[in-house]
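Each chain, written out:
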Amino acid sequence: MIFVTVVINYLDRTNISIAAAALKEDLGINAIQMGYIFSAFGWTYSILQIPGGIVADKVKSRILYPVIMALWSIATLIQGMVNSFAALLGLRASIGMFEAPSYPTNNLIVTRWFPENERASAIATYTSGQFLGMALLLPVLTLIQDALGWRGLFIVSGIIGLVWAAVWYIFYRDPQNHNRIGSSELKHIEEGGGLVAAKVKNNTDKFEWNDLANAFKYRKLWGMYLGQFCLGATTIFFLTWFPTYLVEFRGLDFIKSGFYASVPYLAAFLGVLLAGFTSDFLIKKGYSSEVARKAPIITGMLLSIAIIGANYTVDTTLIIVFLSIAFFGNGLASIAWIFVSLIAPKKNIGLIGGTFNFIGGLSAVIVPIVIGYLVQDGDFSPALFFIGAMALLGLICYIFIVGKVERIVPKE
């Protein structure tokens, strides 16, 4: 269910890029204004990650998720009815606002439903939705717009989200409230470290400012936060500048077919699934968390550095190979959410998840601008060196700053 939700989440993030050309022409919006519309989602989404994490801790997931999903779907749908720059700007910002609690909620649900030795597989499964979405949604959205126009694209997207919000409310329950769960399964989850809500009072505890302090005062958490920012740098490159790199710098006019653009996304999809299931396999075989949980992330960060190799060839196949290796590595490292569920204080998993996603999300604001300055002369080589350096920095964070993988227990 979370996997489907993530796909819908990215559907409503990416449909604006498909609609942009027709929308600009119909509404008379210029390129600068379109840039502001693109960025509106990222600003509110990032800024509200910490409040979103707090809300995820305090509101039952069965209620919170369909409410925010319905709200961002309504905002998506209304985009198909507006006629002004200001209205589009506000609606994109509102979608970012309503989606802000989604990933902290995803992580909290997995932490409740899965014992620790199965959690990486669960996280990999739902995280893979974003990469599969990147690879497959763009052509689907294009077909929808071709048939129904850009207004129809937004309306269809919004309706899909509203339907799924109803499905979520009808079927989702926390483990202790699910009528099909047996006592042996509930015991299996609890004994394996799953934070069954009946044992954790985080739905009723009042928020305290000390909770917010806990999110920023531990070295381990800062290692995770900075590592996620570095991981996001590679992801954001592929979401923003990647097509421009291929078309304008490498001259691949036939990229419009979508084939070359989809290969790295599919590599990332395979990477995140491989990481999750391999990590859980190693845990079940008795390997420590330092090995089983860190190995995919460290390996992934190392592979992401391979993006620099594209600077040293003009062969199209080799360029795609280097980029695919880098994004495959990014997929391997994308199970980093597992550290939130393993290290964060039990009371603050949603809050820590929000902080983690906030700092990681800042890469969506900062990295495209940095790359813009680096490539202003038309040479993408410095940009690829920058992305490779960020991957190396992320590697250092997980090795030397995160340290031992163990849950933080704040002092009373």
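Residues numbered from 1 in each chain as written. Predicted model: local features only at pLDDT ≥ 70, side-chain atom pairs only at ≥ 80, totals over all residues. Heavy atoms only, no water.

**Some remarks on the overall build of the protein**
Applicable threshold: Each helix is a run of DSSP H or I of at least 4 residues and each strand a run of E of at least 2, with the numbering of both proceeding from the N terminus. The globule rule used here is 2.2 Å times the number of residues to the 0.38 power, and the radius of gyration it is set against is calculated over C-alpha atoms. Under the scheme applied here, a residue whose accessible area is under 20% of the maximum for its type counts as buried, over 50% as exposed, and between as partly exposed, the area being computed with a 1.4 Å probe on protein chains only. By the convention used here, residues are in contact when the closest approach between their heavy atoms is within 4.5 Å. Each accessible area is a Shrake-Rupley estimate made with a 1.4 Å probe; only the visible protein chains count as cover when residues are assessed.
Each helix and strand in the protein was counted, giving 18 helices and zero strands. In terms of overall size, the protein behaves like a compact globule, its C-alpha atoms giving a radius of gyration of 21 Å where 412 residues would be expected to give roughly 22 Å. Referenced to the eigenvectors of the C-alpha coordinate spread, the extents of the protein come out at roughly 55 × 50 × 35 Å. Within the span of the protein, comprising 412 residues, buried residues form 55% of the whole. Sequence separation of 24 or more characterises 83% of the internal contacts of the protein that already satisfy a separation of 6 or more. Of the roughly 17100 Å² of accessible surface on the protein, 67% is carried by carbon and sulfur atoms.

**Comments concerning helix α10 (residues 219–239)**
For clarity, the cut-off: Under the convention used throughout, the expected extent of a helix is 1.5 Å for every residue step, that is, one less than its residue count.
Taking 1.5 Å as the rise per residue, α10 with 21 residues should run 30 Å; its terminal C-alpha atoms sit 30 Å apart, in good agreement. α10 sits mainly inside the fold: 17 of its 21 residues count as buried.

**Quick word on the pattern of salt bridges**
For side chains bearing opposite charge, pairing can occur when the charged atoms are close. Threshold: When a carboxyl oxygen of Asp or Glu lies within 4 Å of a side-chain nitrogen of Lys or Arg, that pair is called a salt bridge.
The full count for this structure, using the stated rule, is five salt bridges. Salt-bridge contacts for Glu 191 lead to Lys 187; the nearest nitrogen and oxygen are separated by 3.8 Å. Highlighted residues: Glu 191 and Lys 187, both in helix α8 (residues 183–191), separated by four residues, approximately one helical turn. Between Lys 404 and Glu 406 there is a salt bridge, with the nearest N and O atoms lying 3.9 Å from each other.

**Topic: the side chain of Asn 9**
As a reminder of what qualifies: In protein, a polar contact requires one atom able to donate a hydrogen and another able to accept it; more generally it is a pair of N or O atoms within 3.5 Å, and residues adjacent in sequence count only if both atoms are side-chain atoms.
Examined against the element boundaries, Asn 9 turns out to sit in helix α1 (residues 2–27). Among the residues examined, Asn 9 registers a relative accessible area of 2% and is labelled buried. A polar atom in the side chain of Asn 9 sits 3.4 Å from the side chain of Glu 99. Other than its neighbours up to four places away in sequence, Asn 9 contacts Trp 72, Glu 99 and Ser 102.

**Description of the side chain of Asp 174**
Here Asp 174 lies in the loop between α7 (116–171) and α8. Of the polar contacts made by the side chain of Asp 174, one reaches the side chain of Tyr 172; its length is 2.6 Å.

**Observations concerning the state of the cysteines**
Test applied: Here, a disulfide means two cysteine sulfur atoms that sit within 2.5 Å of each other.
Considering all chains together, one arrives at zero disulfides under this definition. The closest cysteine sulfur to the non-disulfide-bonded Cys 230 is located on Cys 397, 5.1 Å from its own sulfur.

**Digging into the domain arrangement of the protein**
The accessible area lost on association of the parts is a frequent measure of interface size. Put simply, the rule reads: Segmentation of the chain into domains, including their bounds, is taken from an automatic or database domain assignment. Put simply, buried area is the surface a 1.4 Å probe can reach on two separate parts but cannot reach once they are joined, added for both. Residues are grouped as follows: Ala, Val, Leu, Ile, Met, Phe, Trp, Tyr, Cys and Pro are nonpolar; Asp, Glu, Lys and Arg are charged; all remaining types, including Gly, are polar.
Once the domains are mapped, the protein shows domain 1 (1–203) and domain 2 (208–411). Distance between the C-alpha centres of domain 1 and domain 2: 20 Å. Contacts between the two partners involve 35 residues from domain 1, matched on the other side by 43 residues from domain 2. In terms of surface lost to domain 2, no three residues of domain 1 exceed Ile 50, Phe 131 and Met 134, which account for 19% of the buried area on that side. For the interface between domain 1 and domain 2, the tally reads ten residue pairs in polar contact (both at pLDDT 80 or more). Breaking the side of domain 1 that touches domain 2 down by element, the ones donating at least two residues are α2 (31–47), α3 (49–58), α6 (102–113) and α7. A per-element tally of the side of domain 1 that touches domain 2 places α7 first, with 16 residues. Looking at the side of domain 1 that touches domain 2 residue by residue, the classes come out as 18 nonpolar, twelve polar and five charged.

**Some words on the packing of aromatic side chains**
What counts, and what does not: Classification of ring pairs rests on two measures: the distance between centres of Phe, Tyr or Trp rings, Trp counted by its six-membered ring, which must be within 6.5 Å, and the angle between planes, read as stacked under 30 degrees, edge-to-face over 60 and tilted in between. The rule for a charge over a ring is simple: NZ of Lys or CZ of Arg within 6 Å of the ring centre, and within 35 degrees of the ring normal.
Taken as a whole and assessed by the stated rule, the structure comprises 19 aromatic pairs. Measuring from centroid to centroid gives 6.1 Å for Trp 150 and Phe 154, while their planes differ by 80°, and the two rings are edge-to-face. In this pair, Trp 150 and Phe 154 are both assigned in helix α7, four residues apart and thus about one turn of the helix distant. Here a set of aromatic residues connected by ring pairs shows up, and it is made of Phe 131, Phe 237, Phe 238, Tyr 245, Phe 249, Tyr 265, Phe 327 and Phe 380. Residue placement shows Arg 13 over the ring face of Tyr 10; its charged tip is 4.4 Å from the ring centre. Over the aromatic face of Tyr 169 sits the side chain of Arg 62, whose NZ or CZ is 4.0 Å from the ring centroid.

**A closer look at a nonpolar patch on the surface**
This is how it is decided: Surface patches are defined over residues having more than 30% relative accessible area and no salt bridge, joining like charges when they lie within 9 Å and nonpolar side chains (Val, Leu, Ile, Met, Phe, Trp, Tyr) when within 5 Å.
A cluster of nonpolar side chains, contributed by Met 1, Ile 63, Val 67, Leu 71, Tyr 169, Ile 170 and Phe 171, occupies part of the molecular surface with about 640 Å² of accessible area. Looking at the nonpolar patch, the elements that each hand over two or more residues are α4 (61–79) and α7. Tracing the chain through its elements places Tyr 169 in helix α7.

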